[in-house]
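The residues making up each chain are set out below.
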Amino acid sequence: MSRKSEKLVLNAFIYPGGHHEAAWRHPESEPHRVTDIKLYQHIAKRAEAAKLDAIFFADAPVLDSNIRYSAKHRLEPITMLAALAAVTEKIGFVATASTTYYEPYNLARLFASVDHISGGRVGWNIVTTSVDTAAANFSLAKHPANADRYRQAAEFIDVVTKLWDSWEDDVIIADKESGLFAETDRIHPANHKGEFYQVKGALNLPRSPQGRPVYVQAGASEEGRGFAARYAEAIFTAHQTLESGKAFYSDIKKRVAAAGRNPAHVKILPGISPFIAATAMEAIKLEAQFNDLIQPAFSLTQLNRITGIDLGSADLDKPLPQDAVDATRAQAGSSRHQLVLDIIDRENPTIRQLLHKLAGGRGHKVIAGTPEQVADWIETWFREGAADGFNIMPPWLTGGLDLFIDQVVPILQKRGLFREEYEGSTLRDHYGLPRPENIYAARETQRQSA
């Protein structure tokens with residue numbers, strides 16, 4: 001696969017304290033700064049200086065019960081974006097928000113506001129929320145079923161798209177002489193009446209600089225892939241092997257084309273968590289240092305949450321009980337669940353080895369190596385057609401990100417794989433995505449040409 005003229009997409013995926021579950025215990029970590037906005041402003045400026053495409057913040061509207069053993073609290077990400085946009089000029093920002101636990105009008109206002117504040121540098125990571133305990137925080141008796149959540153999400157996107165496009169471009173005239181402020185015939189109420197939502201509209205904000213936020217999606221289940229083919233402009237995903245990455249990449253691009261969309265306008269971005277050192281042996285030792293700090297009680301709970309396997313007080317240095325693996329195999333519903341089963345089948349690890357395997361990235365690829373080895377790995381996946389770029393997941397903050405920026409990015413730039421300067425000012429510019437045509441203007445153009 002020839003990609004000589006293409007450039008990588010590189011996001012910094014920032015997780016509280018770092019992505020390794022024991023990062024907060026490492027001597028170089030600063031767990032007390034998880035809610036310090038100055039930390040994230042520093043990270044944003046460092047990432048922008050390295051010309052990264054965007055910074056991504058995951059989120060869930062519930063407090064994880066495992067906070068006893070890990071840094072699981074976090075600032076609300078959309079609020080953070082405004083504070084980060086104020087100290088940067090080019091780098092993009094992606095925040096997670098749930099279609100299950102937001103109202104379309106509120107979310108449309110929030111994201112439209114930060115897209116205006118940032119000058120068009122915002123993306124929305126669309127999730128339906130997989131944590132069923134969130135329901136109790138929103139006056140619901142139970143979490144909606146997976147299929148229902150995706151059906152609701154599709155309608156949600158329909159509504160917010162109408163809202164973000166409710167003002168056509170250049171509606172505001174502001175002609176002081178005539179007294180005409182806006183061409184109101186080009187402002188359109190949503191007038192949406194559906195299964196889940198009834199929204200009159202229009203939004204009380206003009207269309208944002210990049211038209212609307214970039215639509216990002218992270219599901220890899222059958223429902224998630226179908227959803228992504230219809231709506232996503234970037235997909236965050238997790239893969240352990242090149243073969244798995246290539247299969248996912250090919251499948252998504254085919255589905256996008258079948259949906260009548262341009263596959264080049266959907267960026268597939270696996271997550272990687274790199275441990276970087278001067279030699280391969282030092283990098284392996286660095287990862288081992290973090291793994292030695294894990295709390296098995298936390299790790300076993302994480303494994304149970306992903307797979308349903310409850311190992312209780314099992315001997316960590318023995319293989320997983322085959323009956324437990326077989327029992328959960330028949331119930332594998334999520335892509336992450338299947339990924340863990342694939343690791344078990346492929347590597348036959350002990351329980352401790354599996355916990356270590358998942359500790360660094362919850363199923364995302366963990367790499368330990370020299371800067372050149374990490375760059376080689378990235379280049380191979382990119383050129384072999386397994387990725388359009390990557391979410392870089394620092395094992396700890398800020399050192400893990402600093403090492404990647406200072407030592408790996410220059411190698412990728414020297415190889416012609418990554419930009420040395422920004423060529424545009426919006427997140428769509430960075431990702432190479434077109435500015436979407438306003439849906440109401442498009443309808444009028446079609447009507448006139450009919």
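What counts, and where the lines are drawn
Residues numbered from 1 in each chain as written. Predicted model: local features only at pLDDT ≥ 70, side-chain atom pairs only at ≥ 80, totals over all residues. Heavy atoms only, no water. Helix = DSSP H or I, 4+ residues; strand = E, 2+ residues; numbered from the N terminus. Rg over C-alpha atoms; globule rule 2.2 N^0.38 Å. Buried < 20%, exposed > 50% of the residue type's maximum accessible area, 1.4 Å probe, protein only. Contact = heavy atoms within 4.5 Å. Lys, Arg positive; Asp, Glu negative; His and termini not counted. Charge placed at Lys NZ, Arg CZ, Asp CG, Glu CD. Phe/Tyr/Trp six-rings, centres within 6.5 Å; stacked < 30°, edge-to-face > 60°. Lys NZ or Arg CZ within 6 Å of the ring centre and 35° of its normal. Pairing = 2+ DSSP bridges. Right-handed = clockwise from strand over helix to strand, strands pointing away. Expected span 1.5 Å × (residues − 1). Arc of directions from axis to C-beta. 1 Å grid on protein atoms, 1.4 Å probe; cavity = no way out; pocket = protein on both sides within 12 Å on 5 of 7 lines; lining within 4 Å. Points joined across faces, edges and corners; volume = space filled by probe spheres on them. Nonpolar A, V, L, I, M, F, W, Y, C, P; charged D, E, K, R; others polar. Polar contact = N/O pair within 3.5 Å; in protein donor to acceptor, adjacent residues only side chain to side chain. Salt bridge = Lys/Arg side-chain N within 4 Å of Asp/Glu carboxyl O.

### Thoughts on the overall build of the protein chain
Here is step 1 of the chain: Counting its secondary structure elements, the protein chain contains 15 helices and 13 strands.
Here is step 2 of the chain: Taking 450 residues into account, the globule formula puts the C-alpha radius of gyration at 22 Å, and the protein chain, at 22 Å, falls close to it.
Here is step 3 of the chain: When the backbone C-alpha atoms are referred to their principal axes, the protein chain occupies close to 80 × 50 × 45 Å.
Here is step 4 of the chain: Looking at the protein chain residue by residue over its 450 residues, the buried ones come to 53%.
Here is step 5 of the chain: At a minimum sequence separation of 6, the contacts of the protein chain that also span at least 24 residues come to 78%.
Here is step 6 of the chain: Charged side chains in the protein chain number 51 positive and 55 negative. The centres of these two groups are separated by 1 Å.

### A short note on the packing of aromatic side chains
Here is step 1 of the chain: Enumeration according to the criterion identifies 18 aromatic pairs in this entry.
Here is step 2 of the chain: Between Y101 and F138, the ring centres sit 4.6 Å apart and the planes meet at 25°, which makes this aromatic pair stacked. Placement of Y101 in the loop between strand 3 (92-98) and helix 3 (104-118) and of F138 in the loop between strand 4 (122-127) and helix 4 (146-164) is noted, with a sequence separation of 37 residues between them.
Here is step 3 of the chain: Overall, Y101 belongs to the buried group, its relative accessible area being 10%.
Here is step 4 of the chain: Grouped by ring-pair contacts, the aromatic residues F111, W124, F156, W164, F196, Y197 and Y215 constitute a single cluster.
Here is step 5 of the chain: In this structure, R362 is placed above the aromatic ring of Y15, and the distance from its NZ or CZ to the ring centre is 4.2 Å.

### A few points about the pairing of strand 9 (residues 214-217)
Here is step 1 of the chain: Burial of the side chains of strand 9 extends over both faces: V214 and V216 are buried on one face and Y215 and Q217 on the other.
Here is step 2 of the chain: One ladder, built from 4 bridges, connects strand 4 with strand 9; its direction is parallel. What sits directly across from N125, in strand 9, is V216.
Here is step 3 of the chain: Here strand 9 pairs with strand 10 (residues 234-237) via 2 bridges, running parallel. Along strand 10, the bridge assignment pairs V216 with A234.
Here is step 4 of the chain: Considered for its hand, the β-α-β crossover made up of strand 9, helix 5 (residues 222-231) and strand 10 is right-handed.

### Looking at helix 6 (residues 242-258)
Here is step 1 of the chain: Along its 17 residues, helix 6 runs 24 Å from first to last C-alpha, staying within 8% of the 24 Å computed at 1.5 Å per residue.
Here is step 2 of the chain: Of the residues making up helix 6, those classed as buried are G245, F248, Y249, I252, K253 and V256. Seen along its axis, helix 6 keeps its buried residues to an arc of 125°; they face one direction. What points out from helix 6, more than 90 degrees from its buried face, is the exposed set E243, K254 and A258.
Here is step 3 of the chain: Looking at the buried residues of helix 6, the elements they touch are helix 5, strand 10, strand 11 (267-276) and helix 12 (371-383).
Here is step 4 of the chain: Following helix 6 by one or two positions, G260 adopts a phi angle in the positive range, close to 85°.

### Remarks on the layout of surface pockets
Here is step 1 of the chain: For the second largest pocket, the calculated volume is near 430 Å³.
Here is step 2 of the chain: Forming the walls of the second largest pocket are 17 residues, and the residues nearest its centre are R212, Y215, R230, R261 and P436.
Here is step 3 of the chain: Ranked by residues supplied to the lining of the second largest pocket, first place goes to helix 4 with 3 residues.
Here is step 4 of the chain: Partitioning the lining of the second largest pocket into residue classes produces 6 nonpolar, 3 polar and 8 charged.

### Regarding the side chain of T161
Here is step 1 of the chain: Inspection of the secondary structure puts T161 in helix 4.
Here is step 2 of the chain: Of note is the side chain of T161, whose polar atom sits 2.7 Å from the side chain of Y215.
Here is step 3 of the chain: Beyond its immediate stretch of four places on either side in the chain, T161 contacts R212, Y215 and I439.

### Focus on the pattern of salt bridges
Here is step 1 of the chain: One pass over the structure, following the stated rule, counts 27 salt bridges.
Here is step 2 of the chain: A salt bridge links E222 to R255; the shortest N-O distance between them is 3.1 Å. Here the residue E222 occupies a position in helix 5, and R255 occupies one in helix 6, the gap between them amounting to 33 residues.
Here is step 3 of the chain: For E222, a relative accessible area of 53% puts it in the exposed group.
Here is step 4 of the chain: We classify R255 as partly exposed; its relative accessible area is 23%.

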